[in-house]
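These are the residues of each chain, in order.
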Amino acid sequence: MLGPEPAERTHEVDQRPGFADGSVAGRADYLGCCEVRFRDAFGPKIDAALEQAEAAFAAWSPHTNADAEKDPAVWRRAVRKLWAPLHPLLAALGSAINRARTLRLHEVEVLHDLDLSATFLPGTSERIAGVHAAFTVLPTKTKPKKLTFTGAAGKDSAYLLKGLEDLHLDQAMMQFLDAANAVVAGTAARGSDPRVAALAAVGSGGLARSYAVVPLGRSGGFIQWVDAVPAYTLYKRAYMATHGGEHPPKPVVAFNAAAHPVLGRPVTQQPPTQRSVRRACSAEQLREVHARLVAGSPADWLRNALFLEATSAAGILAAARRFAHSSAAMAVVGYVLGLGDRHLDNVLVDPATGHVVHIDYNICFDRGLALYVPEVVPFRLTRSFVEAMGGAALGVRGPFAQAAEVVLGLLAKYRGLFARLLKSLVLDPSIDWEMLKGAGSGAAAPGGGDGDGVNGEDPPMVGTEEGGDEDGDMDRLTQPTPSGVAVKPIAAAAADAPHDRGVRVLRSLYAKLDGSADEGPGAGSSVADRVSRLIDEAMDEGRLARMFEGWTPWL
């Protein structure tokens, strides 16, 4: 618990000569122990790096480098030269930050003697009795922190404190899921439909599992820690168990290894494995690459994870059915909300119960259609998911399809309620629509993933500044690619007013619920027919072959 630690909580005032010169090493301030250690370790390095940078800048003269104003290449070389003295310092600071995995609250000066007795646990009505003295720093881009609070009832509750991210969208998505669970539970209580009653019996947490999200302004907040495991972690464990502890290849490496023979490239002409060769593949070649990946990858790793947690044959069947029902509910909700970026780090599974929990809702409202590699499946229903449900015939066309029909029917019946929930978000004049343009594929998982971004990898990612949206121009993202024809989704019109975008989001919601969004023969037909078409699209090998390799459509 957070408490006084006199031996560690010391301060000192720097009295060394020359402290008023503004240097880091000689700065006079009221410093805590953590700041003192940082100053002693990095103060001289920072001062030396700044002096070298100033000297390099002083030696660089625009008059002697007039070509830099005319030739961008010369300018880039000049900038690299000016920044060169700072690179070793950046590397040293980055290494120190990445090594920090655990911090103690008494080392954070602003948290000394923090009194939270009048504060409630995020997302609850229970007061906080204490805070654990140490918290974990996750090794992802924004370095979110895992904190553990003790409630007044004596139970510990863990939360993820995230910064540099607006969580209002995630909060709205959780309200949507809670409303869906309430509709299912209310309908089951009335006893009007036995199928709904079967879904309501899925277990604690509801059919579509949600978690508490509490924004703290527009740049951070708390997310409840979920006791579930990222699906990719389950795959990695299974792979390592059958490969002598060896880690699975990163998705882009596996994709390139399958693509090179298809492209007819000799080994000596292979590009670096971290750079995808997707651009060089035609649509037919992508299908062949996908077939190679499918043939070389197991499909039973998720089914086995559920199997190993069960204690009886009845438990195995119950977990498979619960997995099918939970997956179906999230598939339908995700389809209605236009949710994308469902790679295996964003889908969490509780092997003990079969429940599925989805995280990271930034790629929503059909934003996935505008990514550099468009997402062309309505939800994730790949081979491993099908196997975990009991197969295509017994699982997908059985419990999964039945649950999807029930959920889609209830969402359509109460569409006015769900539209009102979204209206407050999408018609808010202060909504930052830019969050739909640069997010996704790498947010930290509340459930505690590998912490390495997409499936444990750190290469350029779809939908980020590193992966095709670098200039923020949505229209340029919708150009045709070798793997498919581009489309223009809800969030793609950069010139539209925020209110117009919000109206389109609501129209899309209504269109998907009443069937008018469907195309082709049978559009607007029964709920069962629409669910069947969505399942066909999600399992279509041609569509899966066009998905981004970080999505691992072959698993």
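Residues numbered from 1 in each chain as written. Predicted model: local features only at pLDDT ≥ 70, side-chain atom pairs only at ≥ 80, totals over all residues. Heavy atoms only, no water.

Trainee: Hey, could you run me through the overall build of the protein chain in this one?
Mentor: Along the backbone of the protein chain there are 16 helices and 12 strands. When each of the 555 residues of the protein chain is scored for burial, the buried share is 47%. Contacts in the protein chain between residues far apart in sequence, at least 24 positions, make up 69% of those at least 6 positions apart. Element-wise, carbon and sulfur atoms account for 56% of the exposed surface of the protein chain, whose accessible area totals about 26,200 Å². (Helix = DSSP H or I, 4+ residues; strand = E, 2+ residues; numbered from the N terminus. Buried < 20%, exposed > 50% of the residue type's maximum accessible area, 1.4 Å probe, protein only. Contact = heavy atoms within 4.5 Å. Areas by Shrake-Rupley, 256 points an atom, 1.4 Å probe, with all protein chains shown as cover.)

Trainee: Got a minute to help me understand the sheet that holds strand β11 (residues 347–350) in this structure?
Mentor: Whenever strands of a sheet pair, they do so through backbone hydrogen bonds, lying parallel or antiparallel. One open sheet accounts for three strands, arranged β10-β11-β12; its pairing is antiparallel. If you trace the sheet from one side to the other, it starts and ends with β10 (229–230) and β12 (355–358), each paired once. (Pairing = 2+ DSSP bridges.)

Trainee: Sorry, what's going on with the nonpolar core here?
Mentor: The nonpolar side chains of a soluble globular protein tend to be buried, and buried together. M173, Y211, F323, F365, L381, F400 and L411 are the most contacted members of the largest nonpolar core, which has 101 residues in total. Beyond its immediate chain neighbours, meaning those up to four positions away, L411 contacts F176, A180, V332, V333, V336, F418 and L513. If you look at the next biggest cluster of nonpolar residues, it comprises 10 residues, including L105, F135, L147 and F222. (Core = buried A, V, L, I, M, F, W, Y, C linked by side-chain atoms within 4.5 Å.)

Trainee: So what exactly am I meant to see when it comes to the confidence of the model for the protein chain here?
Mentor: Regions with low pLDDT carry predicted coordinates that are not meant to be interpreted in detail. Summarising the model, the protein chain shows a mean pLDDT of 78, and 75% of its residues fall at 70 or more. For the protein chain, per-element mean pLDDT is lowest for strand β1 (residues 11–13), which scores 40, and highest for helix α16 (residues 541–545), which scores 96. Low confidence marks residues 1–29, where pLDDT is under 50. Its contacts with residues over four positions away, or in another chain, come to 59 contacts. Here residues 437–495 is a poorly scored stretch, pLDDT under 50, and it has 148 contacts once near neighbours within four places are set aside; other chains count. (pLDDT = per-residue confidence, 0-100.)

Trainee: Would you take a moment to explain the packing of helix α12 (residues 392–413) against helix α15 (residues 527–539) for this structure?
Mentor: Between two packed helices, what matters for the description is the angle formed by their axes and the separation of those axes. Packing of α12 against α15 leaves a shortest axis separation of 9 Å and a crossing angle of 130°. As the angle between them shows, α12 and α15 are arranged oblique. At the point where α12 passes α15, the crossing takes the right-handed sense. For the pair formed by α12 and α15, the contact residues are A392, V396, R397, F400, A401, A404, E405, L408 and G409 on the first element and V527, A528, R530, V531, S532, I535, D536 and M539 on the second. (Axes fitted to C-alpha atoms, helices over the stretch in contact; angles between N-to-C directions. Parallel < 35°, antiparallel > 145°, perpendicular 65-115°, else oblique. Left-handed = near helix turned anticlockwise from the far one by under 90°.)

Trainee: Help me out: how do you make sense of the pattern of salt bridges in this one?
Mentor: Side chains that differ in sign of charge can pair as their charged atoms come close. Inspection of every chain in the model, using the stated rule, returns 10 salt bridges. Here the salt bridges do not stand alone but share partners, grouping D193, R195 and E405 into one network. (Salt bridge = Lys/Arg side-chain N within 4 Å of Asp/Glu carboxyl O.)

Trainee: Can you walk me through the environment of F385 in this structure?
Mentor: Structurally, F385 can be placed in helix α11 (residues 383–389). Considered as a pair, F385 and R303 are 82 residues apart in the sequence and their alpha carbons are 7.9 Å apart. Not counting the four nearest positions on each side in its chain, F385 is found in contact with L302, F323, L344, V347 and R380.

Trainee: Quick question: what am I supposed to make of unusual backbone geometry here?
Mentor: One non-glycine residue, L164, lies in the positive phi region at around 60°. Relative to the helices and strands, L164 resides in the loop between β7 (156–163) and α4 (168–190).

Trainee: Please explain the side chain of E165 as it appears in this structure.
Mentor: By the element assignment, E165 lies in the loop between β7 and α4. By relative accessible area, which is 15% here, E165 ends up buried. In contact with E165, not counting residues within four places along its chain, are D170, R218, S219, G220 and N362.

Trainee: Can you walk me through the pairing of β12 in this structure?
Mentor: Successive side chains on a regular strand alternate, one facing one side of the sheet and the next facing the other. Alternating residues of β12 divide into H355 and V357 and V356 and H358, and every residue in both groups is buried. Here β11 pairs with β12 via four bridges, running antiparallel. Bridging across to β12, V349 finds its partner in V356. Counted along the chain from β11 to the antiparallel partner β12, the turn is four residues long, and its residue G354 has a positive phi close to 90°.

Trainee: Help me out: how do you make sense of the pairing of strand β5 (residues 134–137) in this one?
Mentor: Burial along β5 is one-sided: F135 and V137 are buried, while A134 and T136, pointing the other way, are not. The sheet contact formed by β5 and strand β6 (residues 145–151) spans two bridges and is antiparallel. For T136, the partnering residue across the bridge sits in β6 and is K146.

Trainee: In this structure, what is going on with the packing of aromatic side chains? I would like to understand it.
Mentor: Two aromatic rings are characterised by how far apart their centres lie and by the angle between their planes. Overall, the coordinates contain 10 aromatic pairs when judged by the stated rule. Seen from their ring centres, Y159 and F222 are 6.2 Å apart, and the 80° between their planes marks the pair as edge-to-face. Pair noted here: Y159 is in strand β7 and F222 is in strand β9 (residues 220–224), with a separation of 63 residues, a long-range link. Measuring from centroid to centroid gives 6.1 Å for Y235 and Y239, while their planes differ by 50°, and the two rings are tilted. Note that Y235 and Y239 are positioned in helix α6 (residues 231–242) at a spacing of four residues, about one turn of the helix. Y239 shares its class with Y235; the two are buried. (Phe/Tyr/Trp six-rings, centres within 6.5 Å; stacked < 30°, edge-to-face > 60°.)

Trainee: What am I meant to see in helix α1 (residues 33–59) here?
Mentor: The end-to-end C-alpha distance of α1 is 39 Å, a good match for the 39 Å that 27 residues give at a rise of 1.5 Å each. Maximal helix bending in α1 amounts to about 50°, located at F42; proline P44 follows within four positions. If you check which residues of α1 are buried, you get C33, V36, R39, F42, G43, I46, D47, A49 and A53. (Expected span 1.5 Å × (residues − 1). Bend = angle between axes of the 7 residues up to and from the residue.)

Trainee: Honestly, the environment of F42 in this entry has me stumped. Any pointers?
Mentor: Inspection of the secondary structure puts F42 in helix α1. F42 sits in the buried class, given a relative accessible area of 12%. Each C-alpha atom of the pair F42 and L93 lies 8.2 Å from the other, and the pair is 51 residues apart in sequence.

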